[in-house]
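Residues per chain, in single letters:
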Amino acid sequence: MSLFSRILGLSRTARPAAPDCWRLDGAEIRLDLGRAAELKAPGTALRLEGPGLATRVLVVHDAGDRFYALVNRCAHFGRRLDLLESGELMCCSVNRSRFDLEGRKLSGPAKGDAQSLPVVREGDILRVDLAALAGK
Ligand code: FES
C-alpha cells in the first residue's frame, strides 16, 4: 500500500460484489457465505458498511478456516483494518497499528484493542452478533 493511500486511509479490503449477501436481522448480521465470493478462500476478508449498520464491520476467513468479525475501526483515529498475509490485521493509516484476529492490539499507537464481535456459523450463514454495540 502506498504512502499516499495510507495518508488518505484507503482500505484495500473489498466490499461485497453482491451487496445483498448480507442483511441485518435485529441485533445481528446474517451473511450468506455462499454469495460472499470475497470470503470463499481462507486468508480473506470483507468489509461490511452501509445504511442501517451502526458501525463498519470487518469479517475475516482465516487460514485455519475460522471466521472472525470486528468493528472495523482502529483504536487510534478510527481508520479501517486490513488482513495481512501473516494473519494479523493492520490499520490502513500511516501509523499502522496491528491487531490479532481477536482484536488485541499487537503494536502501534492505537489506544487499545479493536472490538471483536461474536460469530456463529450455521452452514452457509455466518451470524455476527452486534448486541455488544448497544449503548456505544
Ligand atoms: S488510525 Fe490506526 S494507527 Fe492511527
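No experiment lies behind these values; they were computed from the predicted model shown.

(A) Structural detail: the environment of Asn95. Position of Asn95 among the secondary structure elements: in the loop between β7 (89–91) and β8 (98–99). By relative accessible area, Asn95 is classed as partly exposed at 44%. With 30 residues separating them in the primary sequence, Asn95 and Asp65 have C-alpha atoms 29 Å apart.

(B) Local environment of unusual backbone geometry. Not every positive phi belongs to a glycine, and Asp65 is a case in point at roughly 70°. Within the secondary structure layout, Asp65 lies in the loop between β4 (57–61) and β5 (67–71). Taking the relative accessible area as the measure of exposure, Asp65 reaches 45% and is therefore partly exposed. Its identity as a non-glycine residue notwithstanding, Arg96 has a phi of 55°, on the positive side. Along the chain, the position of Arg96 falls in the loop between β7 and β8. For Arg96, a relative accessible area of 41% gives the class partly exposed.

(C) Structural detail: the pairing of strand β12 (residues 125–129). Of the two faces of β12, the one holding Leu126 and Val128 is buried and the one holding Ile125, Arg127 and Asp129 is not buried anywhere. Pairing of strand β2 (residues 28–32) with β12 involves five bridges; the strand directions are antiparallel. Bridged to Glu28 within β12 is Asp129. Bridging between strand β11 (residues 119–122) and β12 involves four bridges; their strand directions are antiparallel. The residue of β12 that forms the bridge with Glu122 is Ile125. As consecutive antiparallel partners, β11 and β12 are separated by two residues, and within that stretch Gly123 has a phi angle of approximately 65°, a positive value.

Conventions used here
Residues numbered from 1 in each chain as written. Predicted model: local features only at pLDDT ≥ 70, side-chain atom pairs only at ≥ 80, totals over all residues. Heavy atoms only, no water. Helix = DSSP H or I, 4+ residues; strand = E, 2+ residues; numbered from the N terminus. Buried < 20%, exposed > 50% of the residue type's maximum accessible area, 1.4 Å probe, protein only. Pairing = 2+ DSSP bridges.

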